[in-house]
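A closer look at the structure
The chain contents come next:
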Amino acid sequence: MSAIPTKPEARGDEAGALLGYLDAQRQSVRRSVHGLTDEQARSTPSASALSLAGILKHVSQGEADWLRLMSGKETVDYSDPEVLAQQEKSFTAEGEEESLEALLAAYEEIAAETERTVRELPSLDETFEVPPAPWDAGGTRSWRWALLHLIEEVARHSGHADLVRETLDGRTAVDLMIANGDFTLPEEWR
C-alpha cells in the first residue's frame, strides 16, 4: 500500500482536483514528522543531508515563494548567488522559531492561502511570468502548470521524507497513515 488517500473533486472542478492532490502530498510530508521531537526531526539519519524538519521547511517555503511569484507579488533573480544560497538554506531548520510546531503551522497557513488564491481565480488558464533559472528558461506559465509543478515538487520531497523517516525509526508511510488515523488496515491483511 503506497497510495496517499485523496478526496475526489466535485464533478468538473479541475482546481479542486489539483488542490486535492497537492493537499494529499502535503499531508504525506506532515505525517512524516508524526510523533517526533524537534531533535529527531532535525536529525540526518541517512546518507543524505536531509532532515524531516528541513524537508518540511523547504516545501512550505517553496510553496510560499511560488504563490508570491504566481500572484505577481514578487519576482526572483536566479542569477543572484544569494538567491541560490537561500534556497539551499531552506533545507535546514534551526532554532526555536523553526520548531516542528512552528513549521507545521506555517505550512498550514500557506496551504490555506494557496487554496483561497486558487479558488478566487477566474480560470486556471490565468498566467504569470517565471523568471529564467539555471534549470529552466522561464516564460509564461498557467496556474494549472504551477499547481501541477507544486504537486510534483511536494511528491518528490514526500518520497524523501518517507525514506528519512524509515531510516530514523523504521516507521513506514503505511505505519504513519495508520497511526495518524488516515488508513485502517483490513483485518485480513494483518
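Report on the accompanying structure. (Residues numbered from 1 in each chain as written. Predicted model: local features only at pLDDT ≥ 70, side-chain atom pairs only at ≥ 80, totals over all residues. Heavy atoms only, no water.)

Quick word on the packing of aromatic side chains
By convention here, two paired aromatic rings are described through the distance between centres and the angle between planes. Tallied over the entire structure, the rule returns 4 aromatic pairs. With centroids separated by 6.3 Å and ring planes inclined at 75°, the aromatic side chains of Phe128 and Trp143 adopt a geometry described as edge-to-face. Here the residue Phe128 occupies a position in strand 1 (residues 127-130), and Trp143 occupies one in helix 6 (residues 143-169), the gap between them amounting to 15 residues. Taken together through their ring pairs, the aromatic side chains of Trp66, Phe128, Trp143 and Trp145 make up a single cluster. Here the basic side chain of Arg141 rests over the ring of Trp145, its NZ or CZ set 5.0 Å away from the ring centre. (Phe/Tyr/Trp six-rings, centres within 6.5 Å; stacked < 30°, edge-to-face > 60°. Helix = DSSP H or I, 4+ residues; strand = E, 2+ residues; numbered from the N terminus. Lys NZ or Arg CZ within 6 Å of the ring centre and 35° of its normal.)

Digging into the packing of helix 1 (residues 14-31) against helix 5 (residues 100-120)
Interaxial distance between helix 1 and helix 5 falls to 11 Å at its minimum, and their mutual angle equals 175°. What the angle tells us is that helix 1 and helix 5 run roughly antiparallel. When helix 1 is examined against helix 5, the residues Ala15, Gly16, Leu19, Leu22, Arg26 and Arg30 are found in contact with a partner set consisting of Leu104, Tyr107, Glu108, Ala111, Thr114, Glu115, Val118 and Arg119. When its residues are assigned to classes, the contact of helix 1 with helix 5 shows 7 nonpolar, 2 polar and 5 charged. (Axes fitted to C-alpha atoms, helices over the stretch in contact; angles between N-to-C directions. Parallel < 35°, antiparallel > 145°, perpendicular 65-115°, else oblique. Contact = heavy atoms within 4.5 Å. Nonpolar A, V, L, I, M, F, W, Y, C, P; charged D, E, K, R; others polar.)

Focus on the environment of Asp38
Counting through the fold element by element, Asp38 comes out in helix 2 (residues 38-42). Remark: the alpha-carbon pair of Asp38 and Glu97, spanning 59 residues in sequence, is separated by 11 Å.

What about the pairing of strand 1?
Here strand 1 shows one buried face, formed by Phe128 and Val130, and one open face, formed by Thr127 and Glu129. Note: strand 1 against strand 2 (residues 139-142), 4 bridges, orientation antiparallel. In the sheet register, Val130 faces strand 2, and the bridge partner there is Gly139. (Buried < 20%, exposed > 50% of the residue type's maximum accessible area, 1.4 Å probe, protein only. Pairing = 2+ DSSP bridges.)

Thoughts on the nonpolar core
Counting 38 residues, the largest nonpolar core has Trp66, Met70, Val118, Leu124, Phe128, Trp143 and Leu147 as the members making the most contacts within it. Breaking this core down by element, the ones donating at least two residues are helix 1, helix 3 (52-70), helix 5, strand 1 and helix 6. At 10 residues, the largest contribution of residues to this core is made by helix 3. Sequence-distant contacts of Trp143, that is, excluding residues within four places in its chain, are made with Leu67, Met70, Ser71, Thr117, Val118, Leu121, Leu124, Glu126, Thr127 and Phe128. (Core = buried A, V, L, I, M, F, W, Y, C linked by side-chain atoms within 4.5 Å.)

Considerations on the environment of Gly138
If you trace the backbone, Gly138 turns up in the loop between strand 1 and strand 2. Judged by its relative accessible area of 18%, Gly138 is buried. Measuring from C-alpha to C-alpha, the distance between Gly138 and Asp38 comes to 37 Å, with 100 residues separating the pair along the chain. Ignoring anything within four residues of it in the chain, the contact list for Gly138 reads Val130, Pro131 and Pro132.

Remarks on helix 1
Since the α-helix turns once every 3.6 residues, residues separated by three or four places project in the same direction. With 18 residues, helix 1 extends 26 Å from end C-alpha to end C-alpha; this agrees with the ideal 26 Å at 1.5 Å per step. The buried fraction of helix 1 amounts to 13 of the 18 residues, a majority that puts the element mostly inside the structure. (Expected span 1.5 Å × (residues − 1).)

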